[in-house]
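Coordinate analysis (summary)
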Amino acid sequence: MNGNFDKKIPRLAPRPLPCETMRQNVLCLDGTWEFRHQGEDQSWHLTEVPSCIGTFADEAHGFCGKYSYRKNLEILPWQADCVKLLNFEGINGYARVLIDGELVAEHWNGFLTWQTDITKACEGKERVCLQIDVDETVDRVGCFYHGGILHSVFLYLLPKTYLSMAQAATALTENQDAVLSLSYAVEAGLEGCEIQGILLDPWGQEVPQGACCRKVEGPSEEVRMDLPVSAPLLWDAEHPWLY
C-alpha cells in the first residue's frame, strides 16, 4: 500500500553494500581539507575533518563565526554514470554545499545525518571542488562551543535504480507478537525493476512470512508494508537489542 511517512524523520538513502558491479560504492571523505575563516585572514589553511574548530576560534584574531571548508574530488570513469549522494553525519551551524562554486544544497543545523544529491553538478567533469560554507551565527546548537563539520562525510556511489529512503518501526500485538512496518522509496532508472526483501532473525535464518517482492511502478515509488513477526525476541536491560 502507499506509504504514509513521518515527515519529522530525515529521508535518507541507506548505506549501500559492496556488490559485484560496485565494490567501492562508499567513499569516506574524512581527512585533510582546506579551511578558511571569513574574517581578517582569508587565506586557506589545512585542517582535519571531522573536528571542532574551537581551538582555532579561540586563537583566531577577530573570529566572526563564518568559515569554509573545501576539498577536490576526483570523478573516475566508472563513477561517471553513478548517482552521487553526499552523506553528512553532522554539521553544527547553517551549512551551504557548493560544487565548483555552484550552490547545490543548504541545511540548518543539528547533529542528524543528512544527504544531498550532487549528480547533476558533477556531470561531464573529471574533478570537482566541494566547498562547505558554515555560518554558526545564524544557527548553532549550543552557545558554549563552536561547530563546523563535527562528524564524518561520505560519498555514496549508487546505480540509477536505488532505495532513496527506508524507515522501519515495530509494534507489539496483544498476544506479544509483533508487526514490522517498513516504509521505503525507490528511484527507478530502469524499467521492469523489482524490490526484493528478506527478514532475517539474529542467527541469519529467514523469518516466516518475512519475504517480500514487488514490481516498481513508474520512475519513482513510495510504499509502506507490514510484516508479521511471531514470538519476537524482546530486549531488556540485561539483553539489549535496541541499538
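Right above here is the structure, for reference.
My aim in this report is to walk through the structure given alongside it, one point at a time. Nothing here was measured: the structure is a model prediction, and the numbers come from that model.

Observations concerning the overall build of the chain
Counting its secondary structure elements, the chain contains two helices and 17 strands. Within the chain, buried positions represent 39% of all 243 residues. The contacts of the chain with a sequence gap of at least 6 include a subset with a gap of at least 24, amounting to 69%. Here the chain has roughly 14,600 Å² of accessible surface; of this, 53% comes from carbon and sulfur atoms.

A closer look at the pattern of salt bridges
It is possible for side chains of opposite charge to pair when their charged atoms get near one another. Using the criterion set out here, one finds seven salt bridges in the structure. Between Arg127 and Glu74 there is a salt bridge, with its nearest N and O atoms 2.6 Å apart. Of this pair, Arg127 sits in strand β10 (residues 127-135) while Glu74 sits in strand β4 (residues 66-74), placing them 53 residues apart in sequence. On the accessibility criterion, Glu74 (45% relative accessible area) is partly exposed.

Some details on the sheet that holds β4
Backbone-to-backbone hydrogen bonds pair the strands of a sheet. The strands run either parallel or antiparallel. Taking strand neighbours across the sheet as the criterion, the six strands line up as β3-β2-β4-β10-β7-β8 in an open arrangement whose pairing is antiparallel. Among the strands making up the open sheet, the edge pair consists of β3 (45-49) and β8 (102-108). Along the sheet, successive strands turn relative to each other by an average axial angle of 30°, direction set aside. Sheet topology places β4 next to β10; nine bridges connect them, and they run antiparallel.

Topic: the side chain of Gln79
Following the sequence through the fold, Gln79 ends up in the loop between β4 and β5 (83-88). Residue classification places Gln79 among the buried residues on the basis of a relative accessible area of 3%. When residues no more than four places from it in sequence are discounted, the contact partners of Gln79 are Leu27, Glu74, Lys84 and Leu157.

Notes on the nonpolar core
Tyr69, Leu130 and Ile132 are the most contacted members of the largest nonpolar core, which totals 30 residues. At the level of elements, β2 (31-37), β4, β5, β7 (94-99), α2 (119-122), β10 and β12 (153-158) are the ones that each hand at least two residues to this core. Looking at this core element by element, the count peaks at four residues for β10. In contact with Ile132, not counting residues within four places along its chain, are Trp33, Tyr67, Ser68, Tyr69, Phe88, Ile91, Ala95, Arg96, Val97 and Ile149. Core analysis: the next-biggest nonpolar cluster, separate from the first, contains 13 residues, Val186, Met225, Leu227 and Val229 among them.

Structural notes on the sheet that holds β5
As summarised here, the arrangement of the four strands in space is β1-β12-β5-β9, forming an open sheet in which the pairing is antiparallel. Sheet topology places β1 (26-28) and β9 (114-117) at the edges, where each strand pairs with a single neighbour. Averaged over all pairs of adjacent strands, the angle between their axes in this sheet comes to 25°, without regard to strand direction. Pairing of β5 with β12, which is carried by six bridges, proceeds in the antiparallel orientation. Residue pairing for β12: Val83 is matched across the bridge by Leu158.

Looking at the environment of Val134
For Val134, the position within the fold is in strand β10. On the basis of relative accessibility, which here comes to 1%, the residue Val134 falls in the buried class. Note: C-alpha distance between Val134 and Glu106 (28 residues apart in sequence) is 9.8 Å. The residues contacting Val134, other than those within four sequence positions of it, are Gly65, Lys66, Tyr67, Tyr69, Ile91, Asn92, Gly93, Tyr94 and Gly148.

Thoughts on the packing of aromatic side chains
Both the distance between ring centres and the angle between the ring planes are used here to describe each pair of aromatic rings. A complete count under the given rule lists five aromatic pairs for this structure. Measuring from ring centre to ring centre gives 6.1 Å for Tyr67 and Tyr69, while their planes differ by 80°; the resulting arrangement is edge-to-face. Taken individually, Tyr67 and Tyr69 each receive the classification buried, so the pair is uniform in this respect. Between Phe88 and Trp114 the ring centres are 4.4 Å apart and the planes differ by 25°, which places this aromatic pair in the stacked class. Here Phe88, found in strand β5, pairs with Trp114, found in strand β9; they are 26 residues apart in sequence, far enough to count as distant. The class of Phe88 is buried, set by a relative accessible area of 0%. For Trp114, a relative accessible area of 6% gives the class buried. By the ring-pair criterion, three or more aromatic residues cluster together here, those being Phe35, Tyr67 and Tyr69. Its guanidinium or amino end placed over the ring of Phe154, Arg15 lies 4.9 Å from that ring's centre, counting from NZ or CZ. In this arrangement the basic side chain of Arg70 is found over the ring face of Trp44, its NZ or CZ atom lying 4.0 Å from the centre.

Rules behind the numbers
- Residues numbered from 1 in each chain as written.
- Predicted model: local features only at pLDDT ≥ 70, side-chain atom pairs only at ≥ 80, totals over all residues.
- Heavy atoms only, no water.
- Helix = DSSP H or I, 4+ residues; strand = E, 2+ residues; numbered from the N terminus.
- Buried < 20%, exposed > 50% of the residue type's maximum accessible area, 1.4 Å probe, protein only.
- Contact = heavy atoms within 4.5 Å.
- Areas by Shrake-Rupley, 256 points an atom, 1.4 Å probe, with all protein chains shown as cover.
- Salt bridge = Lys/Arg side-chain N within 4 Å of Asp/Glu carboxyl O.
- Pairing = 2+ DSSP bridges.
- Axes fitted to C-alpha atoms, helices over the stretch in contact; angles between N-to-C directions.
- Core = buried A, V, L, I, M, F, W, Y, C linked by side-chain atoms within 4.5 Å.
- Phe/Tyr/Trp six-rings, centres within 6.5 Å; stacked < 30°, edge-to-face > 60°.
- Lys NZ or Arg CZ within 6 Å of the ring centre and 35° of its normal.

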